[in-house]
Amino acid sequence: KKMASKIRVVLRPVKSIVVRFCPFESNVESTRKFLGYINHKKIQTTNRNCEVTADVRHDGSEPLVDVMFADGERLIMKGANLTTIEMLTALGSRCNAKELKEEQKSKK
Amino acid sequence: APATKMAALSGGGAPWRRGWLPALQFIRRGSKAVTRHWKAMHFQRQKLMAVTEYLAPRPAVPPRCLAPRKETLEEDNGYVRLLRRQVEEVFRNNRMIAVCQYNSMPGEDVVLMRHYLRKHNIEVKFVLNEIVRPVLSQSKYKNLLPLFVARNILLVSPETKAKEMLRVLKGVPQINLLGACIDDTILSRQGVENFAKLPLLEAAQGQTVGALALLPSQTSSLLQRGSAHLTALLDQHIRRLQAGETESPAEPPPAQSS
């Protein structure tokens, strides 16, 4: 079993993250844990400009994570049926891919 | 060394057959039976050891297929009981209890936040979900149960200063208000914001009294309108007569009886 704290996410290509959930629902556990992990020191130090906002509602809507990248791309993760580790790995893989692309561009 | 051995064996006794003794070929390398390094076992011994290796007994059905044994961890040590009692006390003594999600904050920020909230008599309590959940499920706050997932803190206060609390929390981005229980009423975040926007209780009471007193005051003024009109007319009449008296003092003032 993988520990979520071992997953390294480099948030440099990310502009902002909005986490929306309704705490009185029962399917929000993974989204809340995801929010907790993003706000950890290690990941926050990779990018200080990334704004993490938590939107707490009470309208029965499902938990949502909206990631806005610096090059205009948008990643929406519906956390109702996802685990925290899945969400973190998805975000991490996309960030790494973007980092590689940027490095290649800067090398050229 | 093999040469010396051969010499010793062959030279010792008379009836040794000349020739090749099979025992000698096993001491080619010259090491003794008990060595300080690992010595390879004799091949027959190796075979014996391989055959007689220990095989762990395996159950016929793997244990996960059987019904799981209910491992009741009913340790219930005194510390857990103490914490539960504290939580119950907190719920009983305080009018306002707010539940917030705690994402890791640097230590100084925590201390600063605690300081600001203490000024408004709001205490910050760190709670563990496994202690709070059983307490809540037995008390009347069952609807607060789904809130207690992931790391949480409780902000408790005997007064209901929602506006100041919201102001402090706005300055701390890593703490998210999830919901609150004010005066035994469960409110969501929106509800807390609305509650904060309400005017003070005394002001609200004053407004209600004013609104209630409006109609009776209108009624009383209506009822008194007739007699008030009469008195006003008579007063005017007196004034006119007095003004007329200064010119001609013959007429007596008529309004003495009324």
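Everything quoted here is computed from the prediction, not taken from an experiment.

For the rest of this paragraph, the subject is the environment of isoleucine 7 of chain A. Residue and element names in this part refer to chain A. In this structure, isoleucine 7 sits in the segment before strand E1 (14–21). On the basis of relative accessibility, which here comes to 11%, the residue isoleucine 7 falls in the buried class. Placed 36 residues apart in sequence, isoleucine 7 and isoleucine 43 show a C-alpha to C-alpha distance of 9.8 Å.

Our next topic: the sheet that holds strand E3 (residues 64–69) of chain A. All names here are of chain A. One open sheet accounts for four strands, arranged E2-E1-E3-E4; its pairing is mixed. Of all strands in the sheet, those with a lone pairing partner are strand E2 (51–56) and strand E4 (74–78), marking the two edges. Taking the axes of each pair of neighbouring strands and ignoring which way they run, one obtains an average angle of 15 degrees across the sheet. Where E1 and E3 come together, six bridges link them in antiparallel fashion.

Nonpolar side chains in soluble globular proteins tend to end up buried together. Core analysis: the largest hydrophobic core is formed by 44 residues, its most contacted members being Ile17 and Leu91 of chain A together with Phe148 of chain B. Discounting chain neighbours no more than four positions away, the residues touching phenylalanine 148 of chain B are Val99, Val127, Asn129, Val132, Arg133, Leu136 and Leu154 of chain B. The next biggest cluster of nonpolar side chains, apart from the first, holds 25 residues, and it includes Leu155, Ile175, Ile182 and Ala196 of chain B.

A few words now on the confidence of the model for chain A. Here chain A averages 80 in pLDDT, while 93% of its residues score no lower than 70. When the elements of chain A are averaged for pLDDT, helix H2 (residues 41–46) of chain A gives the smallest value, 74, and helix H3 (residues 84–107) of chain A the largest, 86.

This brings us to unusual backbone geometry. Residue and element names in this part refer to chain B. One non-glycine residue with positive phi stands out, namely asparagine 121, at about 60 degrees. Within the secondary structure layout, asparagine 121 lies in the loop between helix H4 (107–119) and strand E2 (123–127). Overall, asparagine 121 belongs to the partly exposed group, its relative accessible area being 32%. Not every positive phi belongs to a glycine, and aspartate 183 is a case in point at roughly 55 degrees. Of note, aspartate 183 is situated in the loop between strand E4 (175–182) and strand E5 (185–188). Take aspartate 183: its relative accessible area is 38%, and that puts it in the partly exposed class.

Time to look at the interface of chain B and chain A. Taken residue by residue, the interface counts 17 residues in chain B and 15 residues in chain A. Here chain B and chain A share an interface that buries about 1,300 Å² over both sides, 61% of which is from carbon and sulfur atoms. Linking chain B to chain A there are zero salt bridges. Scanning the region where chain B abuts chain A turns up four residue pairs in polar contact (both at pLDDT 80 or more). Within the residue set of the side of chain B that touches chain A, elements represented by two or more residues are E4 and E5 of chain B. Here the residues of the side of chain B that touches chain A are counted per class, giving eight nonpolar, seven polar and two charged.

The rules behind these values
Residues numbered from 1 in each chain as written. Chains lettered and ligands numbered in written order. Predicted model: local features only at pLDDT ≥ 70, side-chain atom pairs only at ≥ 80, totals over all residues. Heavy atoms only, no water. Helix = DSSP H or I, 4+ residues; strand = E, 2+ residues; numbered from the N terminus. Buried < 20%, exposed > 50% of the residue type's maximum accessible area, 1.4 Å probe, protein only. Pairing = 2+ DSSP bridges. Axes fitted to C-alpha atoms, helices over the stretch in contact; angles between N-to-C directions. Core = buried A, V, L, I, M, F, W, Y, C linked by side-chain atoms within 4.5 Å. Contact = heavy atoms within 4.5 Å. pLDDT = per-residue confidence, 0-100. Buried area = accessible area lost by both parts, 1.4 Å probe. Salt bridge = Lys/Arg side-chain N within 4 Å of Asp/Glu carboxyl O. Polar contact = N/O pair within 3.5 Å; in protein donor to acceptor, adjacent residues only side chain to side chain. Nonpolar A, V, L, I, M, F, W, Y, C, P; charged D, E, K, R; others polar.

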